[in-house]
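This is what each chain is made of:
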Amino acid sequence: MLATVVQWLVLASLVGLVVGVGVSVFLHALFASIDQALAVPRWAYWLMLPAAGLANGLLMVYGYQKLGTSGLKDSIFAAVHEQKGRMPWRTLAIKPVAAIITLACGGSAGKEGPCSHLGASLAAVIGNVFRLNAELRQRIVACGVSAGFASVFGTPIAGAIYGVEMLIIGRIRHDFLFPALIAGMTSFQVSKALGIPYEYYRIPALPEFSESIFLRTVLIGMLCGVVARIFVDLIYALRGACQRLQVRFGLWKPLMPMLGGVVLAALVTVIPTDYLGLSLPLMDRALQGEAMPYLGFLWKSLLVAVTLGSGFYGGIVTPQFVIGAVAGNAFAHLFGISPMLGAAVGLVSVVAAASNTPLAAILMGVELFGGVVGTVYVSGAAIAAYLIIGHRSVYPDQRLGHAKSSWLRARTEIPVGQEKTHLSYGLLKSWRQMRAQGWRAWLHGWGKALRQGSPHDKQP
């Protein structure tokens, strides 16, 4: 076991060093390109967004065909679950370049997608160089993902856990945790040394713990679980509609993101430009307590769904930050709590729900906001949101480890985008009995069964 610790101290530190440098180069290029595009007039988006969509389509279709992938899928989930830690290294730069084009021209997406992809790809290359076996390759790819998230958000612990927790819903590979943490800490320190700026938030005058405020933050978490569900369903709906449109009319594939750019430009005529790009200033204002509109989360969700659903490439976690902060801020006054606390609770809750990563989201709240009391408030809300969204995910290839409720049944180890959950036998039996007996008689019998021990949960 000592040899195992030493082994991962060396390998994970190397992964963190390489990924930290790669992510820092990408982020500096991204920030420079975004700075150049901030001051463009609104009419310019009619030119920039369709051109960016066409460029994304050409890169994502012909770039992969030209460079070749050796029959491997360019997916983190496929690399860990299906390909024994292997990824196509020749296409490593395609997604980061596509993301820069997307965000620099106003597409609504995140910056972490290309960073996690860079991390996984660079880690897979290291696995090839050292000729690691299949099990070690899986772990080192997970290390790379964790290092990418840690560098981009400035949250080394949460980033490390996120890279492991996102792989399977309801299950964590504990043997991945130590190397992921070492890689995340190393990558974060390297990126900080290379000048990547990070921002942290402190909520002033955080109230002392009370059961009343805790329950109200849980209610906000439940609302944010619904918000996350709307966000995920919008992405799936727009992606499915674009795919059907492309097949129905036999459209040239790069044309779809170009058409998506036209739709985005049209939406920007009625939606403020604050919701384009990363929208980080909007999130900052929400966390500072500035009042946010009730439908703000919907505008951001719609723009992200059109951007990613039509074929642009970008990250999916940063939009969750923005959507959660805006929604939590807007809902806070309904429950009589500070809009700053509401925004923090909303941010953590939407990440926990949409990505199915409640532990990483809670740790992210600790690293971003600090304070033991604040952690208690975001924890209950995050787990409530994680349950409310059900078996939905922004990652359709995310595996399902366990059903979230004893009233539901689902096959495990199936991508969540392919699996359908079903009501449990016991619940269906109870429903049929209630319809046959009437609810009063059923309720009386149910209470009696509880006192004696109910057989409803037993399978036939």
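Residues numbered from 1 in each chain as written. Predicted model: local features only at pLDDT ≥ 70, side-chain atom pairs only at ≥ 80, totals over all residues. Heavy atoms only, no water.

Observations concerning the overall build of the protein chain
Point 1. Counting secondary structure elements, the protein chain contains 18 helices and 4 strands.
Point 2. Relative to its length of 460 residues, the protein chain is compact, with a C-alpha radius of gyration of 23 Å against a globular reference of 23 Å.
Point 3. Taken over the C-alpha atoms alone, the protein chain extends approximately 70 × 60 × 55 Å along its principal axes.
Point 4. Across the 460 residues that make up the protein chain, the buried fraction comes to 54%. (Helix = DSSP H or I, 4+ residues; strand = E, 2+ residues; numbered from the N terminus. Rg over C-alpha atoms; globule rule 2.2 N^0.38 Å. Buried < 20%, exposed > 50% of the residue type's maximum accessible area, 1.4 Å probe, protein only.)

A few points about the nonpolar core
Side chains that are nonpolar tend, in soluble globular proteins, to be buried together.
Point 1. Counting residues in hydrophobic clusters, the biggest one holds 127 residues, and the most contacted among them are L287, I316, L347 and Y395.
Point 2. Here this core takes 11 residues from helix α14 (residues 339-354), the largest share from any one element.
Point 3. Those residues in contact with Y395, other than ones at most four positions away along the chain, are F77, F149, Y162, M166, Y236, I316, V317, S355 and V416. (Core = buried A, V, L, I, M, F, W, Y, C linked by side-chain atoms within 4.5 Å. Contact = heavy atoms within 4.5 Å.)

Here's the deal with the pattern of salt bridges
Pairing between side chains of opposite charge can happen when their charged atoms approach one another.
Point 1. Going through the model one piece at a time under the given rule, you end up with 11 salt bridges.
Point 2. A salt bridge links D74 to K95, with the nearest nitrogen and oxygen atoms 3.9 Å apart. Here D74, found in the loop between α2 (45-67) and α3 (76-81), pairs with K95, found in helix α4 (residues 94-104); they are 21 residues apart in sequence, far enough to count as distant. Here the two residues D74 and K95 agree in accessibility, since each one is buried.
Point 3. The partner of D274 in a salt bridge is R285, with the nearest N and O atoms 3.0 Å apart. With a gap of 11 residues between them, D274 in the loop between α10 (255-267) and α11 (280-287) and R285 in helix α11 connect regions that are remote in the sequence.
Point 4. With relative accessibility at 35%, the residue D274 sits in the partly exposed group.
Point 5. Of the residues examined, R285 reaches a relative accessible area of 24% and is grouped as partly exposed. (Salt bridge = Lys/Arg side-chain N within 4 Å of Asp/Glu carboxyl O.)

Observations concerning the packing of α11 against α14
The geometry of a pair of packed helices is captured by two quantities: the angle between their axes and the separation between those axes.
Point 1. At their nearest, the axes of α11 and α14 sit 7 Å apart, and the two run at 130 degrees to each other. By the angle between their axes, α11 is oblique relative to α14. On the side of α11, the interface is formed by M283, A286 and L287, while α14 contributes P339, M340, A343, A344 and L347.
Point 2. Here the residues of the contact of α11 with α14 are counted per class, giving 8 nonpolar, no polar and no charged. (Axes fitted to C-alpha atoms, helices over the stretch in contact; angles between N-to-C directions. Parallel < 35°, antiparallel > 145°, perpendicular 65-115°, else oblique. Nonpolar A, V, L, I, M, F, W, Y, C, P; charged D, E, K, R; others polar.)

Things to note about the packing of helix α9 (residues 211-249) against helix α13 (residues 318-332)
Point 1. In the contact formed by α9 and α13, the axes pass within 10 Å of each other and the chain directions differ by 135 degrees. For the element pair α9 / α13, the angle class is oblique. Helix-helix and strand crossings are classified by hand; for α9 and α13 the assignment is right-handed. Note on element contacts: α13 touches α9 through P319, Q320, I323, A327, G328, F331 and A332, opposite I220, L223, C224, V227 and F231.
Point 2. A per-class count over the contact of α9 with α13 returns 10 nonpolar, 2 polar and no charged. (Left-handed = near helix turned anticlockwise from the far one by under 90°.)

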